[in-house]
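One letter stands for each residue in the lines below.
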Amino acid sequence: MLKLQDLTKAYRTDEVETVALNNVNIEIETGEFVAIMGPSGCGKSTLLNIIGMLDTPSSGHYFFKDEDVAGYSESQLGVIRKQHIGFIFQSFNLIDELTVAENIELALLYHDIPAAERRERVAAVMDKVGIAHRAKHMPSQLSGGQQQRVAVARAVVGNQSMILADEPTGNLDTAHGQEVMEMLQKLNEEGTTIVMVTHSPSHADYARRTINLLDGHVVTESMRSKI
Amino acid sequence: MLLNNYLISAWRNIFKHKLFSAINIFGLAIGLAACILIALFVRDELSYDKFWSKADQIYRTHITFSVPGRDPMGMVMTPGPVIHAFKKDFPQIEYASRIARLKPTIIINNQYFVDDISLVDEDFINIFDLEPVTGDLSTALKSLSNIALTEKLAKKYFGTDNAIGKVITIDFDSYKRDYKVAAVIKDMAKNSQVNADALVAIDEPAWKDQDWMFDAWFSTNSHLFFSLNKGSDIKSINSSMPEFIDRNFPKLPFGGSGTKTSDFVYMNAMNIKDLHLKAKGDGEYHEIGDMNTVIIFSTVAILILIIAAINFMNLSTARASSRAKEVSLRKVLGASRKDLIIQFLGESILITALGMIMAIVLVEFALPLYNEILGKNLSIDYASTDLVYVTCLAIFVGLLGGSYPAFILSHFRPSETLKANKSAESNASIKLRSILVIVQFAVSITLFVSTAVVYGQMLYAKNMDLGYDKENILAVKEVYRDIVLKKLPLLVDEIRRMPNAISVTWSNFMPESGNNNNTLVRTGDQAMEDAILIGNREIGYDYFKTYKVPLIAGREYRIERGDKEILTDDLRKGLKYTGSIIVNESALRRLGLGSAENAIGKMVFISKGNPGENLEATYEVIGVVPDIHFDSLKTTIRPEIYDLSPSYGSVISARFSGSSVAFTEQVRKLWEQEIPSIPFNYDFISAAVAKQYNAEQGQATMFAAFSCLAILVACLGLYGLASYTAERRTKEIGIRKVMGASVFDVVKLLIWQFSKPVLIANLIAWPVSFFTMTLWLESFVYRIEGFFILGFCLLAAITALIIAWSTVAGNSMRVARANPIKALRYE
Ligand SMILES: Nc1ncnc2c1ncn2[C@@H]1O[C@H](COP(=O)(O)OP(=O)(O)OP(=O)(O)O)[C@@H](O)[C@H]1O
Ligand SMILES: [Mg+2]
């Protein structure tokens, strides 16, 4: 699915240069479930953002479906991202002024999909994550777990082949965290590639492979045989 | 202590939010400055003649002649003999005086001057409290050879010398007399319709050979002021005017036996305080104002203030949400709601105070230009209560703009605002804000359309085809004076001979100035009492050639054709001969003379002399001219005859080619050589016509300027709001971009957000402007078509959208371009 080759990302702020990623080489196959772990500030979010094409690397190559996107412009990246990648954030990132259904529909809004089809797909995905009864509610009226389920629904409604999740359970209690992990696992079983950043080893256990980062380097990669 | 804390925190807040504060202060400053400027104008307009100690008792009479088949002729003057009958018939009258302002030649030590001299009756000084400086004002007007001068004139004539006892020779044409300066008075107030520079008593017998001045019942050449006895009611006089007229005025020679003079003549007295803004009619000595203008500008001032206050409110409530955390924290730390309200109101008032100081600076910078445009001398009087008013205004705006945000902010509940992921702002306050933006734009668009209509109408009037060619005509004035008239043929001849002169003529009127001379005219088919009152102008040879008016039929007066003037004295002696006359198309229709070609050669009878003399002269129609827009465009063209006047005129008009300066200099040389005693006084007809629109032009410019300011203030607010909204929506926009929205999608979203209120504002503004401006246009006889207003509405809509877009676009682009992870990172 994607391959990172000698990928480096450096932030330059007021004379200080922070190397967030240093010579990272990673390959992720289609249908994989990968967890990224590491201490705070080691570059996990940076890596995820680059994989998600929200950010561009300073140097190195990023092959997405055999296409080197490292030098692509923002709008070129936007087109690919829109087609293939869905996001889930630690802080949910729902729009406060829109209802649950509208928040989910947002993922289809910029895809040239007729309104009727959009509504159908939103209804279907809400059923799937179990928040159909909250369709008309505002995000502020939901619990954290419910909000994250809306975010998951939003990430999958566009039928993207890869979902990137940055600490999706970070703001949730154990029970709700579990719920979300099970949902991700189910999606993975249906064929969606998932890359997830997490601090929780137990949640990392859901993944088939864990990548450990330290100061911008990949330190270990461990495969798990399926239970 | 606490107050100090509030002030410091307010001051810090202003600095912390530089953009908001700058927009707020600057917007307020512009709004307040506009308001102050308009208030100065309005106050001056409303102050006219309010300062006389007897102002409540002083009245001026106006007269209207309503002749069947003609527009009523309203005069703010009164026939000369009315004063005597008034004093006899109305015991309610305490004092009465006429004022006739003339421009005689004044000779002092062989030096010649031309100045305004007011001829008044003795009681003038009992009606109006003048401030004497030297001499004895109380007896000054008792002698017919005394003069009272204002300090201004005394200084002009005698410098620093004591003027009392000095002799001034005044040549009134009717008579020439030595006047002794008996009193010097303070210059009279500018905001007065009776402002005069010099006073002499009316000597009626001396005007016998110009009896229309003070002794003709159907001629108006002076104002009549009177003061009522205390306790008397003006209604008792106004209601008995018809009887007064029938008792005193001679019977009019038309209308037949069943009619009374009061059927055609209407008189009314108006309080002096109302004259400047409400008097309507010809014959004012000073420029008058217009109540509508005062109302319109007051409205504009209030609207601008509202727009500025809305900005203030919107920006403050918008900012309120970003301060929600601060407020909540303060509350948690023990601040009461009252404390918070005081804090936020304090901030508002501090901002308004800064805005006010800036406004005063702006006003001081703008005043010179403003005064020039309006032809006034306005200023802020810092020693008086002006500053108090301005401060009150600022506090009022500060409270108005600050109270709502203070209320909103202090209302935040910490439990809600401190909770993450909860928008601090209620939907109600967002809704209110968009309603206020709609109001701002509706007002701005209405002002825009109104300005366009006012300007359009003015340009239309200025450029309307007058029926004559006003360009390249030099008008030489002061011709009516005896010394000049004696040399009229010589002057005309000499000017005609100048190489650049094309055609020269003379007349008893300037084309743009009002003319209210009327004469009874009938055809052979009409009885004497069916004679029709027709406007009468006197012209010399080659008049229509000089003004480039093509005749419809016949010819104009030519010296070589032997056209004759009929002298009234000849008629009195029984001498009978036929004169020549030129009529306009309206007169042709009113008299029933048929087609222009048919009218040539027909006879008409024109009455001469005083009413009652029953003198008629016979004229042959020799020419027909089209209806020409002499006078102002505010009146319809009347039926007119153009009578030949070979030896009298008040203006010589010369059409020239080449340089106007060189030609004027040539004529000036001739004048100074022939008539050294009277200063050369000239004008260009095009300039004189344009001058008619000076006041309108000034007001239209002022209107346009204030409309622009209103729009500018509204845009400032919109800009602030846009940058706030963009800031508030960064997270949302980040999410949308992650979801696949392109930069264009985002810009579209933000721009639509601000287009919606503008479009709704248009829906409100269009009908309002269309209705009011149609109403306004109705006061013009010649006006632009109503569909122009629709055009202006469309233009306003497009302009408003473009302005709104360009105001918002910068921010939108910036926000749309930003990398979404930045927005989503720190949540
Ligand atoms: N926009 C930026 N400008 C400058 N430095 C940045 C920027 N974004 C990230 N960094 C730096 O890059 C490094 C990696 O940051 P990153 O957010 O990827 O860490 P992380 O592993 O996600 O940490 P956490 O577990 O706390 O989320 C950090 O040292 C951070 O300070
Ligand atoms: Mg992170």
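Residues numbered from 1 in each chain as written. Chains lettered and ligands numbered in written order. Predicted model: local features only at pLDDT ≥ 70, side-chain atom pairs only at ≥ 80, totals over all residues. Heavy atoms only, no water.

### A closer look at the site of ligand 1
All names here are of chain A.
Argument step 1. S40, G41, K44, S45 and T46 are the nearest of the 14 residues found near ligand 1.
Argument step 2. The backbone of G43 places a nitrogen or oxygen atom 3.0 Å from an oxygen atom of ligand 1.
Argument step 3. Between ligand 1 and T46, the relevant distance is 2.5 Å, taken from an oxygen atom to a side-chain nitrogen or oxygen of the residue.
Argument step 4. Contact with the protein chains hides 73% of the accessible area of ligand 1, taken as 630 Å² for the molecule alone.
Argument step 5. If you tally residues by element for the shell around ligand 1, the top one is helix α1 (residues 44-51), at three residues.
Argument step 6. Here the shell around ligand 1 is built from residues that sort into four nonpolar, seven polar and three charged. (Near = heavy atom within 4 Å. Polar contact = N/O pair within 3.5 Å; in protein donor to acceptor, adjacent residues only side chain to side chain. Areas by Shrake-Rupley, 256 points an atom, 1.4 Å probe, with all protein chains shown as cover. Helix = DSSP H or I, 4+ residues; strand = E, 2+ residues; numbered from the N terminus. Nonpolar A, V, L, I, M, F, W, Y, C, P; charged D, E, K, R; others polar.)

### Examining the interface of chain B and chain A
Argument step 1. Contacts between the two partners involve 21 residues from chain B and, on the opposite side, 24 residues from chain A.
Argument step 2. In total, chain B and chain A occlude about 2,000 Å² of area from one another, counting both sides; carbon and sulfur atoms represent 54% of this.
Argument step 3. Taken together, the links from chain B to chain A amount to two salt bridges.
Argument step 4. D96(A) is the salt-bridge partner of K731(B), the closest N and O atoms lying 3.9 Å from each other.
Argument step 5. Linking chain B with chain A are four residue pairs in polar contact (both at pLDDT 80 or more).
Argument step 6. Of all elements in the fold, only α25 (730-738) and α28 (820-825) of chain B reach the threshold of two or more residues within the side of chain B that touches chain A.
Argument step 7. At six residues, the largest contribution of residues to the side of chain B that touches chain A is made by α25(B). (Contact = heavy atoms within 4.5 Å. Buried area = accessible area lost by both parts, 1.4 Å probe. Salt bridge = Lys/Arg side-chain N within 4 Å of Asp/Glu carboxyl O.)

### Notes on the confidence of the model for chain B
Argument step 1. Looking at chain B as a whole, the pLDDT averages 86, with 95% of positions reaching at least 70.
Argument step 2. Confidence drops under pLDDT 50 across residues 419-423 of chain B; counting only partners more than four residues distant or on other chains, this segment forms 12 contacts. (pLDDT = per-residue confidence, 0-100.)

### A look at the sheet that holds strand β2 (residues 16-28) of chain A
Residue and element names in this part refer to chain A.
Argument step 1. Judged by pairing direction, the sheet is antiparallel, and its four strands sit side by side in the order β2-β1-β4-β5 without closing on themselves. Lying at the two open borders of the sheet, with one neighbouring strand each, are β2 and β5 (67-68).
Argument step 2. Examined bridge by bridge, strand β1 (residues 2-13) and β2 share nine bridges and lie antiparallel to one another. If you follow A10 over to β2, its bridge partner there is V19.
Argument step 3. Against the sheet, α1 touches β1, β2 and β4 (59-64), its axis set at about 120 degrees to β1. (Pairing = 2+ DSSP bridges. Axes fitted to C-alpha atoms, helices over the stretch in contact; angles between N-to-C directions.)

### Comments concerning the nonpolar core
Argument step 1. Grouped together as the largest cluster of nonpolar side chains are 83 residues, with contacts concentrated most on F41(B), Y370(B), F441(B), V449(B), V453(B) and F706(B).
Argument step 2. Of the residues forming this core, the biggest block, 15 residues, is contributed by helix α2 (residues 18-46) of chain B.
Argument step 3. Once you skip the residues sitting within four places of it in the chain, F41(B) turns out to touch T293(B), F297(B), Y370(B), L374(B), K376(B), L378(B), Q699(B) and M702(B).
Argument step 4. Core analysis: the next-biggest nonpolar cluster, separate from the first, contains 77 residues, V24(A), L108(A), L187(A) and A204(A) among them. (Core = buried A, V, L, I, M, F, W, Y, C linked by side-chain atoms within 4.5 Å. Buried < 20%, exposed > 50% of the residue type's maximum accessible area, 1.4 Å probe, protein only.)

### Some words on empty space enclosed by the protein
All names here are of chain B.
Argument step 1. Evaluation of the coordinates by the stated rule reveals nine cavities of 30 Å³ or more.
Argument step 2. A volume near 120 Å³ is recorded for the largest cavity.
Argument step 3. Looking at the largest cavity, it is lined by 12 residues, and the ones nearest its centre are S316, R319, R323, E347 and S348.
Argument step 4. Counting residues per element, the ones that place at least two in the lining of the largest cavity are α10 (291-322), α12 (337-374) and α13 (386-411).
Argument step 5. The element contributing the most residues to the lining of the largest cavity is α12, with four residues.
Argument step 6. For the lining of the largest cavity, a count of residues per class yields five nonpolar, four polar and three charged. (1 Å grid on protein atoms, 1.4 Å probe; cavity = no way out; pocket = protein on both sides within 12 Å on 5 of 7 lines; lining within 4 Å. Points joined across faces, edges and corners; volume = space filled by probe spheres on them.)

### So, the sheet that holds strand β9 (residues 209-214) of chain A
Residue and element names in this part refer to chain A.
Argument step 1. Strand order in the open sheet made by the six strands is β6-β7-β8-β3-β9-β10, with mixed pairing throughout. For this open sheet the edge positions go to β6 (85-89) and β10 (217-223), each flanked by a neighbour on one side alone. Ignoring which end each strand starts from, the neighbouring axes of this sheet average 15 degrees apart.
Argument step 2. Pairing between strand β3 (residues 33-37) and β9: four bridges, direction parallel. Note on β9: the bridge partner recorded for A35 is T210.
Argument step 3. Helix-sheet contacts for α1 involve β3, β6, β7 (162-166), β8 (193-197) and β9, and the interaxial angle to β7 is about 155 degrees.
Argument step 4. Contacting β6 and β7, helix α2 (residues 74-84) crosses the sheet at an angle of about 80 degrees to β6.

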